[in-house]
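Residue strings, one per chain:
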Amino acid sequence: PQVREYTLVVQEATGSPDSVFRPGMLVVNGTYPGPTLVANQNDRMIIHVINQLPNSTAIHWHGLYQNSTPFYDGTNGISQCGIPPSQSYTYNYTFGDFSGSTWYHAHYSTQYTDGVVGALIVNPSNASTDADGRPVPPTPAPTVPVPAYDQDIVVVMQDWYHTPSPIVLALFLGPDGIDGTQGDEPTPESGTMNGLGQFDGNGEYFNFSLEANMTYRFRLVNTGSLANIRFSIDDHPLLLVSADGVDVVPQWVSGVELAVAQRYDVLVRTNETSGGQWWVRGTILDDMFAYSIPDQELDQRGILSYPVPFPNTTPLDPASADPGPGANISDLDTSTLVPSLPIDAPEPTHRYPVTISFQETQDDEYLAFLNNTSWYPLDKECTMSLLQQPSFLSSLTSSDGPSVYGDSQLLLTHNGIEVVDLLLDNLDEGDHPFHMHGHRPWVMGSGAGRYQGQSFNLTNPMRRDTHLIPAYSWVALRFITDNPGMWAFHCHIAWHMSSGLLMQINNRPQVAASYGLPDVLLQHCAVDKGSEAKRS
Ligand code: C2O
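Analysis parameters
Residues numbered from 1 in each chain as written. Predicted model: local features only at pLDDT ≥ 70, side-chain atom pairs only at ≥ 80, totals over all residues. Helix = DSSP H or I, 4+ residues; strand = E, 2+ residues; numbered from the N terminus. Buried ≥ 20, exposed ≤ 12 C-beta atoms within 10 Å, placed from the backbone. Contact = placed C-beta atoms within 7 Å. Pairing = 2+ DSSP bridges. Axes fitted to C-alpha atoms, helices over the stretch in contact; angles between N-to-C directions. UniProt positions renumbered as here; feature names shortened; annotations may be inferred. Domains from an automatic or database assignment. Core = buried A, V, L, I, M, F, W, Y, C linked by C-beta atoms within 7 Å. pLDDT = per-residue confidence, 0-100. Arc of directions from axis to C-beta.

Some details on the overall build of the chain
A count of helical and extended segments in the chain gives six helices and 32 strands. Along the first, second and third principal axes, the C-alpha atoms of the chain reach 70 × 55 × 50 Å. Counting across all 536 residues of the chain, residues that qualify as buried make up 49%. When contacts within the chain are restricted to residue pairs at least 6 apart in sequence, those whose partners lie at least 24 apart make up 79%.

Thoughts on the environment of I417
With respect to the helices and strands, the residue I417 is situated in the loop between β25 (409-414) and β26 (419-426). With residues up to four places along the chain from it excluded, the contact list for I417 reads I480, T481 and D482.

Details of the sheet that holds strand β15 (residues 246-253)
Strand order across the open sheet formed by six strands is β10-β9-β12-β17-β14-β15, with mixed pairing between neighbours. Two strands bound the open sheet, and with one partner strand each, they are β10 (190-193) and β15. Going across the sheet, the axis of each strand differs from the next one's by a mean of 25°, ignoring polarity.

Description of the UniProt feature "domain: Plastocyanin-like" (unreviewed entry) in the chain
Within this structure's numbering, the places UniProt gives as "domain: Plastocyanin-like" (unreviewed entry) are residues 11-126, 152-283 and 404-510. Annotated as 7% helix and 50% strand, the span residues 404-510 places its first and last C-alpha atoms 18 Å apart.

Notes on unusual backbone geometry
Residue Y32 is joined to P33 through a cis peptide bond whose omega torsion reads -10°. Position of P33 relative to the elements: it lies in the loop between β2 (22-28) and β3 (37-40). Positioned with a positive phi, S19 is a non-glycine residue whose angle comes to about 90°. Considering the arrangement of structural elements, one finds S19 in the loop between β1 (3-15) and β2. For S19, a count of 16 C-beta atoms within 10 Å corresponds to the partly exposed category. A positive phi angle, near 50°, is found at N194, a position not held by glycine.

Side note on the environment of A127
With respect to the helices, strands and loops of the structure, A127 is situated in the loop between β8 (117-123) and β9 (151-160). For A127 and P137, which are 10 residues apart along the polypeptide, the C-alpha to C-alpha distance reads 9.1 Å.

With respect to the sheet that holds β25
Overall, mixed pairing links the six strands, which are arranged β24-β25-β32-β31-β27-β29 in an open sheet. Taken across any chain shown, the strands that pair with only one partner, and hence form the sheet edges, are β24 (401-405) and β29 (466-469). Ignoring strand direction, the axes of neighbouring strands in this sheet form an average angle of 25°. Here β24 runs beside β25; their pairing, made up of five bridges, is antiparallel. If you follow V404 over to β25, its bridge partner there is L410.

A word on the domain arrangement of the chain
Partitioning the chain into domains gives domain 1 (3-123), domain 2 (151-336) and domain 3 (350-527). Taken residue by residue, the interface counts 20 residues in domain 2 and 21 residues in domain 3. Looking at which element gives the most residues to the side of domain 2 that touches domain 3, the answer is helix α1 (residues 165-173), with three residues.

What about the environment of G438?
When you line up the elements, G438 lands in the loop between β27 (432-436) and β28 (442-448). In the structure, G438 is positioned 88 residues away from H350 in sequence and 19 Å away in space, judged by C-alpha atoms. With residues near it in sequence (within four places) discarded, G438 still touches Y65, Q66, D73, N483, G485 and W487.

Details of the nonpolar core
If you look at the biggest cluster of nonpolar residues, it comprises 125 residues, and the most contacted ones within it are L220, L240, V256, V266 and L477. Residues in contact with V266, not counting those within four places in the same chain, are F218, L220, L238, L239, L240, V241 and V256.

With respect to the pairing of strand β23 (residues 366-370)
Sheet faces and side chains relate simply in a regular strand, where the side chains alternate between the two faces. The buried count for β23 comes to four of five residues, which makes it a mostly enclosed element. Pairing geometry for strand β22 (residues 350-360) and β23, over five bridges, is antiparallel. In the sheet register, E360 faces β23, and the bridge partner there is Y366. What sits between β22 and β23 in their antiparallel hairpin is a turn of five residues, with D364 showing a positive phi close to 75°.

Description of the confidence of the model for the chain
For the chain, the average pLDDT comes to 92, and 95% of its residues sit at 70 or higher. The ipTM for the predicted assembly is 0.99, set against a pTM of 0.96.

As for α1
All of the buried residues in α1 are S165, V168, L169, F172 and L173. All buried residues of α1 lie within an arc of 120° about the axis, which places them on one face of the element. On its buried side, α1 packs onto α4 (494-498).

Digging into the pairing of β2
Here β1 runs beside β2; their pairing, made up of five bridges, is antiparallel. In the strand pairing of β2, A13 is matched with M25. The antiparallel pairing of β1 with β2 creates a hairpin that spans six residues between the two strands, and S19 there sits at a positive phi of about 90°.

In C-alpha cells:
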C-alpha cells in the first residue's frame, strides 16, 4: 500500500468539447474530464483541492466509504461547507477494503454538470497492512474471479449542455420552468466521450487506438446530469465484469445502459481480423427529455482502431446504424447481475417507507420531495453543515428513526449498528438513479407500482451504490449503519438534487462527533455563508 498525493486545481475555463463554444466550463487541472486517479485498495489518498473558482466548491469521491473520515466525503452542506474561493482543502482518507471503478466530482450545486468530474480507479490488493502500516483483514477471493485482461481503458461519458448550469438551474427552478412547463428537466444539447462530442455534424471523435489480440478492461462511467447513456462497440461483444465497482459473475452483452453516476466495467477483445476501425457508441438516451433533439446529437461516438490482417480503408460512415448484437447476445438486463463475491444480507432490524414525488409548493415552486421534505443546504440559516454541529448532533441521538430538522432536512438516525430497509416508492413519472454515500446497499427487491409487502431476493442480492428507480415503481435497499457519519442519499440527476431530492443518513452521531474535525473545515464554514445558489 502507498500514500498517494495529488493536487487538483478547480478553475473556470472556456472550451468547445462538441465543437460548440462553451463559456463557464469548470475544469480540473485544466482538463475536462479531470485527471484519472489510480490507486490500490488500502492506500491512503492525500488530495489537495485548490479552489480557483469565483464560488465555493467541494469534491466528492463517489462510492467510497470514508470510514472514520466522514468529513472528507466532500458533500457541501452535509459533510463540509464549501471551500471558499482562493482557498484549499486537503482530503486525506484511506479506501479501506473498497476497490473498483468510480469517479470524483464537485458536490456543490450543479458544478459537476459544467465539467468538474474525473475517473477514480481502485485496484484490489492482497496487502496485509494498509498504507499506515495497520493490519487489514484479507479480502476474500471472489467465487468467480474476473477474467484476465491486459490493460485498462477509461471511458467517461456525460450529457452536455451548451449553457452554463447556474443559468439552466435558475430557469428550471423558476416559476415558468425551463420551457414554460414547471418540472420539465433541462434537455442536454449533446454528449461527450472522454471530453469530446459531436454536434450538428461537427466535432472530434475520441480515438481508442489499441493493439490487436489483447483484452482491454473498459471502465465506463456516466458522469452526466440527466440522461441514461447506452455504450456499445460495433462488432465487439462486451464481457461485463463489474457494476458500480462490485465484481459480478461475468456475462456477454451487446451493450450496457448506464444511469447517471453508474459504472460498468467490460472486457473487450481486439480479435477482429478485418475492418480495422469501429464506432464506439455512447448514445444519449432521451427517455427523460421534455422535447426531442435530433438523433445525430444523441448519437455520440468515439473510434476504436487496431491493426488487422485484412484492413478496410473506407472511412467510417457517421450515418451508419449500430450493426446490433451478435448471435444470442443482448443488452444487459440489470436484474441478472450477481455479485461474484456473495455477501449475505442480514435480517433487517428497522424498515422505513420513503416516497419520491414532485409537487408544486404554495410559493409556486415545483420541488422534489422525499416524504414531506425537500432538501436545501442549511447555510441559509446556519453557517455549518450538520456534521459540524456537535450540539445539534447530540440532540439527534435521543431516538432511532426518521426526523425532520428545519423544514428541509429529513434525517434517518441510528445510534447503534442496525440493519435498515429503505422501502422506496417512486410516485413520480420520472426515473431516479438513487445514490447512497458511504455504503453499498443490497438491492433486496424492486417492481412496478407501490411496495405492498412483496418478498425479497435473499440469495446473493446485488450490491450497488447507485440504483435506478424507474417511474411508478418501488425498490428496497438494505444497509448496515456501521459507518458513523452523516451521509447523503439522493437522486443523482443534478437537476433533481437541486430540487431537493435528498435525505441524510445519520449513523451513530456520537461516534461520528468523537472523530473531531479538521480546523480548516471550521474556518471555511465561517466564510462560506450562503454562497450556494439558493432555491428561493
Ligand atoms: Cu456522486 Cu452525492 O454523489
